[in-house]
Amino acid sequence: MQTKQIEIPVTRVRRPKPRPLDDQLGFGQVFTDHMFLMDGAADAGWSDPRIVPYGPLSLEPATVALHYGQSIFEGLKAYRGEDDAVRLFRPERNIARFNRSAARLCVPPVDPDLFLAALKQLVAVDREWVPRAPGTSLYIRPVAFASDPDLHVRPSRTYCFFIMLSPVAAYYAEGFRPLRIRVEDRYARSVRGGTGAAKTAGNYAGSLLAGEEAQAAGFAQVLWLDGIRQEYVEEVGSMNIAFVIGDELVTPPATGTLLEGVTRESVLQLARDYGMTVAERPVTIGELLAAARDGTLREVFGTGTAAVISPVGELAYKGERIRVRDGAVGALSRRLFDDLSAIQRGRLPDRHGWTVPVED
Ligand code: COI
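Calculation notes
Residues numbered from 1 in each chain as written. Predicted model: local features only at pLDDT ≥ 70, side-chain atom pairs only at ≥ 80, totals over all residues. Heavy atoms only, no water. Helix = DSSP H or I, 4+ residues; strand = E, 2+ residues; numbered from the N terminus. Buried < 20%, exposed > 50% of the residue type's maximum accessible area, 1.4 Å probe, protein only. Contact = heavy atoms within 4.5 Å. Areas by Shrake-Rupley, 256 points an atom, 1.4 Å probe, with all protein chains shown as cover. Lys, Arg positive; Asp, Glu negative; His and termini not counted. Charge placed at Lys NZ, Arg CZ, Asp CG, Glu CD. Axes fitted to C-alpha atoms, helices over the stretch in contact; angles between N-to-C directions. Parallel < 35°, antiparallel > 145°, perpendicular 65-115°, else oblique. 1 Å grid on protein atoms, 1.4 Å probe; cavity = no way out; pocket = protein on both sides within 12 Å on 5 of 7 lines; lining within 4 Å. Points joined across faces, edges and corners; volume = space filled by probe spheres on them. Nonpolar A, V, L, I, M, F, W, Y, C, P; charged D, E, K, R; others polar. Pairing = 2+ DSSP bridges. Near = heavy atom within 4 Å. Polar contact = N/O pair within 3.5 Å; in protein donor to acceptor, adjacent residues only side chain to side chain. Sits in = over half its atoms within 2 Å of the grid points. Domains from an automatic or database assignment.

Undergrad: Requested: an account of the overall build of the chain, with residues and values cited.
TA: For the chain, the count of helices and strands is 8 helices and 16 strands. In terms of overall dimensions, the chain has a C-alpha envelope of 60 × 50 × 35 Å along the principal axes. Burial analysis of the chain (360 residues in total) assigns 52% to the buried set. Looking at the chain alone, contacts between residues at least 24 apart form 72% of all its contacts between residues at least 6 apart. Of the accessible surface of the chain, which amounts to about 15,900 Å², a share of 52% is contributed by carbon and sulfur atoms. Averaged over its 43 positive side-chain charges, the chain has a centre that lies 2 Å from the centre of its 45 negative ones.

Printed below as a string of structure tokens:
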């Protein structure tokens, strides 16, 4: 994508904030000095793109997004390499998914060239905030929400789009230690025809109670099953899920009920590059239990922008515990994590053209 011709006006902060040290970073609680903003209209698209100091937005209490959840977002990262270059990872995949979410939620699409220019120029303005330490990155959160003050249940006529940045370390407090996950057999995240494939606020709101209950019982998160039979494995909500069963890497197919993760897609490609058999196919919880019993369930791990590769050491389902590798990190999880991080930081050749330098 060619973005050079789009110049976005910048208003800089008068006094930059102190930046946290790399070893003090958590996830998503510290924000950089600037943000990107633009205004949208259902009939006229997006206008007035600008980079301004990060700060509060002013909203009317009647703002549609607050009442009816007409709001979508994305998550991607910028990485600082040992060569000091700052690279985005596959931003065009996030931009495409954003526009699929936009179509599902009746939000006007954003021109991909403008979107990429906004990502690059905002990260370039706050480039000093991109951390250096291994395992750290600059998390990028684009959001579009319905801004009409209007209580009708109908698509808003006006919208706000912003991009904010947050220097981060690992998403899960466990870091790379294998997670304990509860297989959710009461609540559902998504059904056929619903919004499960869209990155929309309501999907996350609807998952909170299950997550809270799982955490109270000592689990990091829940693994969602399909919303009809509660039999087919789908995703974790903050990440997609993959299994090594025998010699095959298996992940549930993206058929509209789960998020089409960019890390998921990249991991499938890397596994193919390693010569592994890769299958996107339905996986039942019964198959996992059987594979755990007969010893063919060799690895379980989550994939996500925030979660990166998160090994899973235990799945709990209706009182039964599926221990995976006795809680140890698997060889494939480790290799994928190392190789993805190395590509993102420019340490391994980028064979698939996944990285995009922020400064051309
Ligand atoms: C991401 O991985 O970027 C996500 O959006 C997951 C989560 C933090 C909501």
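Undergrad: Before we move on, can you summarise the packing of helix H6 (residues 262-273) against helix H8 (residues 331-344) with the specific residues and values?
TA: Between H6 and H8, the shortest axis-to-axis distance is 11 Å and the interhelical angle comes to 110°. Judged by the angle between their axes, H6 and H8 are roughly perpendicular. On the side of H6, the interface is formed by Thr-263, Ser-266, Val-267, Leu-270 and Ala-271, while H8 contributes Leu-336, Asp-339, Leu-340 and Ile-343.

Undergrad: Tell me what's going on with empty space enclosed by the protein, and back it up with residues and numbers.
TA: Applying the stated criterion across every chain, the model contains 3 cavities of 30 Å³ or more. By volume, the largest cavity amounts to about 90 Å³. Those elements giving two or more residues to the lining of the largest cavity turn out to be strand E4 (76-80) and H6. At 3 residues, E4 tops the list of elements feeding residues into the lining of the largest cavity. Here the lining of the largest cavity is built from residues that sort into 5 nonpolar, 6 polar and 1 charged.

Undergrad: Provide a residue-level description of the pairing of E4, including the pertinent values.
TA: For E4, the tally of buried residues reaches 5 of 5 residues, placing the bulk of the element in the interior. Because side chains alternate across E4, one face comprises the buried residues Leu-76, Ala-78 and Arg-80, and the other comprises Lys-77 and Tyr-79, equally buried. Bridge count between E4 and strand E6 (residues 137-146): 3 bridges; the pairing is antiparallel. In the sheet register, Ala-78 faces E6, and the bridge partner there is Leu-138. Note that E4 and strand E5 (residues 86-89) share 3 bridges and pair antiparallel.

Undergrad: Can you tell me about the site of the ligand, naming the residues and giving the values?
TA: Residues in contact with the ligand, as listed here, are Phe-73, Gly-75, Tyr-139, Arg-141, Tyr-171, Lys-199, Tyr-204, Ser-238, Thr-305 and Ala-306. Between Tyr-139 and the ligand, the recorded distance is 2.6 Å, taken from a side-chain N or O atom to an oxygen atom. In the model, an oxygen atom of the ligand is placed 2.7 Å from a nitrogen or oxygen of the Lys-199 side chain. When the ligand sits alone it has 280 Å² of accessible area, and the protein chains cover 90% of it. When atom positions are compared with the pocket grids, the ligand is found to occupy the largest pocket. In terms of residue class, the shell around the ligand is made up of 5 nonpolar, 3 polar and 2 charged. The residues that make up the shell around the ligand include at least three from each of domain 1 (22-169) and domain 2 (179-344).

Undergrad: Could you give an account of the pairing of strand E8 (residues 179-183), naming the residues involved and the relevant values?
TA: Among the 5 residues of E8, 4 are classified as buried, and the element is accordingly described as predominantly covered. Bridge count for E8 against strand E14 (residues 308-317) is 4 bridges, and the pairing is parallel. Paired with Arg-182 across the bridge in E14 is Ala-316. For E8 and strand E9 (residues 221-223), the ladder comprises 3 bridges, and the chain directions are parallel. For Val-183, the partnering residue across the bridge sits in E9 and is Leu-223.

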